[in-house]
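Residue-level structural notes
Chain by chain, the residues:
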Amino acid sequence: VQLQAFGGGLVQAGGSLRLSCAASGRTFSSYAMGWFRQAPGKEREFVARISGRGTTYYAYSVKGRFTISRDNAKNTVYLQMNSLKPEDTAVYYCAAQGGPGYSESVGAYDYWGQGTQVTVSS
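We now turn to the structure provided with this report.

How each quantity is defined
Residues numbered from 1 in each chain as written. Predicted model: local features only at pLDDT ≥ 70, side-chain atom pairs only at ≥ 80, totals over all residues. Heavy atoms only, no water. Core = buried A, V, L, I, M, F, W, Y, C linked by side-chain atoms within 4.5 Å. Buried < 20%, exposed > 50% of the residue type's maximum accessible area, 1.4 Å probe, protein only. Helix = DSSP H or I, 4+ residues; strand = E, 2+ residues; numbered from the N terminus. Contact = heavy atoms within 4.5 Å. Polar contact = N/O pair within 3.5 Å; in protein donor to acceptor, adjacent residues only side chain to side chain.

1. Points about the nonpolar core
By size, the foremost hydrophobic cluster in this structure holds 34 residues, and its most contacted members are Met33, Trp35, Leu79, Met81 and Tyr92. Among the elements of the structure, strand 1 (3-6), strand 3 (17-23), strand 4 (32-38), strand 5 (45-50), strand 7 (66-71), strand 8 (76-81), strand 9 (90-97) and strand 11 (116-121) are those that each provide at least two residues to this core. Ranked by residue count, the leading element in this core is strand 9, at five residues. When near neighbours in sequence (up to four residues on either side) are disregarded, Tyr92 contacts Leu19, Trp35, Phe36, Arg37, Val47, Phe66, Leu79, Met81, Gly115, Thr116 and Val118.

Printed below as a string of structure tokens:
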């Protein structure tokens with residue numbers, strides 16, 4: 001599976017962005033997909049996850065502001081980010097988990113996109 005994330009940019013606090021992640025391969029629907037982010041000097045952290053069937057999970061810091069979704073016909077997963085805050089500034093990565101079970105761990109995800117920069121100005 002190859003993943004390509006795009007849609008990042010510069011936005012003012014309170015604004016919105018939608019990230020997309022396009023996946024190659026015919027088995028996209030069998031993968032759980034996650035979004036992670038990494039701010040300068042910090043570890044990569046979990047943001048959101050969606051199972052192959054559409055069950056969603058969110059980090060506490062983004063719950064109620066971010067929405068993850070997927071379109072299996074288009075092999076694409078999305079992250080709608082609203083009410084953005086300066087602390088949301090990071091490189092955002094999409095990832096695919098091929099194994100079973102729910103996980104927020106970076107190590108549980110098998111494939112990673114290249115990352116897209118999101119910068120929120122105050």
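2. Here we look at unusual backbone geometry
A positive phi is found at Asn75, a non-glycine position, where the angle reads about 55 degrees. When you line up the elements, Asn75 lands in the loop between strand 7 and strand 8. Looking at Asn75, the relative accessible area reads 17%, which means it is buried. Backbone geometry at Ser83 places phi at a positive 50 degrees, although glycine is not the residue there. Its place among the elements puts Ser83 in the loop between strand 8 and strand 9.

3. Some points on the side chain of Asp88
The topology assignment puts Asp88 in the loop between strand 8 and strand 9. According to the relative accessible area criterion, Asp88 is buried, its value standing at 1%. Polar side-chain contacts of Asp88 include one of 2.9 Å to the side chain of Arg37. Filtering out sequence-adjacent residues up to four positions away, Asp88 remains in contact with Arg37, Arg65, Phe66, Ser83, Val118 and Val120.

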